[in-house]
Amino acid sequence: MSTPILDTDPQLWEQAGVRLELDGETAVVTLCRPERRNAQSPAMWRALAGIGRSLPGTVRVVVLRAEGVSFSAGLDRAMFTPEGIPGERNFLQLAAADDKDLDETIAGYQEAFTWWRRPDLISIAAVQGHAVGAGFQLALGCDLRVVAEDVQFAMKETSLGLVPDLAGTKPLTELVGYARALEICATGRWVGAEEAVATGLANLAVPAAELDATVRDLTAALLAAPRSAVIETKALLQGAAGRSFEEQRVAERAAQARRLRDLAGLGD
């Protein structure tokens, strides 16, 4: 068994390939293993989950970015080898685990991919180059995606005899629809910037040299509105798919009542 990374130790996070920078109401999470094309490991996932648990309550926007030519080449292929990654279980060892152990292990991995959609935050993935497998799913974990014109998404798990299991299947289906999501996953093909924007997978595409500046501008625009209004609006939109039209109208009225009373100083 591996030794968990401490939730509050930025040095250990960086050793695992992730860096956190805080700037007022903004947090920037950077994948910083460019020499490995930001290949992901269980240690990186523990670091990402730890960052999510450690963010100050003042943070409103989280930017996820990556150093180097690729956002993330996906899972570190050493996990497929008998030697594996030092201190981690390889795939053969995971396959031999009992059902409860295996389920809990994968659930732990998924924590790195799920906190980005918390109701009190808006997360933006700034994606350049390749975003493959786990890299694709990490970008899908965010609320918004801004991509460089050289971006190449691919879901390669099915081609390797596996399934996408890092919480990416639901957002992918919601963004591009069932048929296209199935085709993307089952074929493992590449999805470029033009298709990503056309299908709603990405919010916009810009030249690679403009990616960071574009995300900074978007962050500033998101921070311009009152936090409580943004939180209420995000909750309305996140829940819309699971509500009927009438239920959504009821939710809108309740949210607006809370906002009006808060603005009038009559809130709880």
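Quick summary incoming for the structure in this document. No experiment lies behind these values; they were computed from the predicted model shown. (Residues numbered from 1 in each chain as written. Predicted model: local features only at pLDDT ≥ 70, side-chain atom pairs only at ≥ 80, totals over all residues. Heavy atoms only, no water.)

A closer look at the state of the cysteines
Then comes step 1: Taken as a whole and assessed by the stated rule, the structure comprises zero disulfides.
Then comes step 2: Cysteine C142 shares no disulfide, and the gap to the nearest cysteine sulfur, in C32, comes to 16 Å.
Then comes step 3: C185 takes part in no disulfide bond, and the closest cysteine sulfur to it belongs to C142, at a distance of 18 Å.
Then comes step 4: Using a relative accessible area of 12% as the deciding quantity, one classes C185 as buried. (Disulfide = S-S within 2.5 Å. Buried < 20%, exposed > 50% of the residue type's maximum accessible area, 1.4 Å probe, protein only.)

Overview of the sheet that holds strand β1 (residues 18-23)
Then comes step 1: Reading across from one edge, β1-β2-β3-β4-β6-β9 is the order of the six strands in this open sheet, with mixed pairing throughout. Pairing within the sheet leaves two strands with one partner each, and these edge strands are β1 and β9 (204-206). Direction aside, the axes of adjacent strands within the sheet are offset by 20 degrees on average.
Then comes step 2: Bridge count between β1 and strand β2 (residues 26-31): six bridges; the pairing is antiparallel. Across the sheet, L22 pairs through a bridge with A27, a residue of β2. (Pairing = 2+ DSSP bridges. Helix = DSSP H or I, 4+ residues; strand = E, 2+ residues; numbered from the N terminus. Axes fitted to C-alpha atoms, helices over the stretch in contact; angles between N-to-C directions.)

Things to note about the packing of aromatic side chains
Then comes step 1: In total, this model carries five aromatic pairs according to the counting rule given.
Then comes step 2: Ring geometry for W45 against Y109: centres 4.8 Å apart, planes inclined by 55 degrees, an arrangement best described as tilted. Taken together, the positions of W45 in helix α2 (residues 42-54) and Y109 in helix α4 (residues 99-114) put the pair 64 residues apart, joining distant regions of the chain. The exposure classification of W45 matches that of Y109, with both residues buried.
Then comes step 3: On the numbers, 4.0 Å between centres and 20 degrees between planes, the contact of W115 with W116 is stacked. (Phe/Tyr/Trp six-rings, centres within 6.5 Å; stacked < 30°, edge-to-face > 60°.)

Some remarks on the pairing of strand β6 (residues 144-148)
Then comes step 1: With five of five residues buried, β6 lies mostly within the body of the structure.
Then comes step 2: Of the two faces of β6, both are covered, the one formed by L144, V146 and A148 as well as the one formed by R145 and V147.
Then comes step 3: Looking at chain direction, strand β4 (residues 122-127) and β6 are connected through four bridges and run parallel. Bridged to I124 within β6 is L144.
Then comes step 4: Across three bridges, β6 lies against β9 in parallel orientation. Considered in β9, the bridge of A148 is made with V206.

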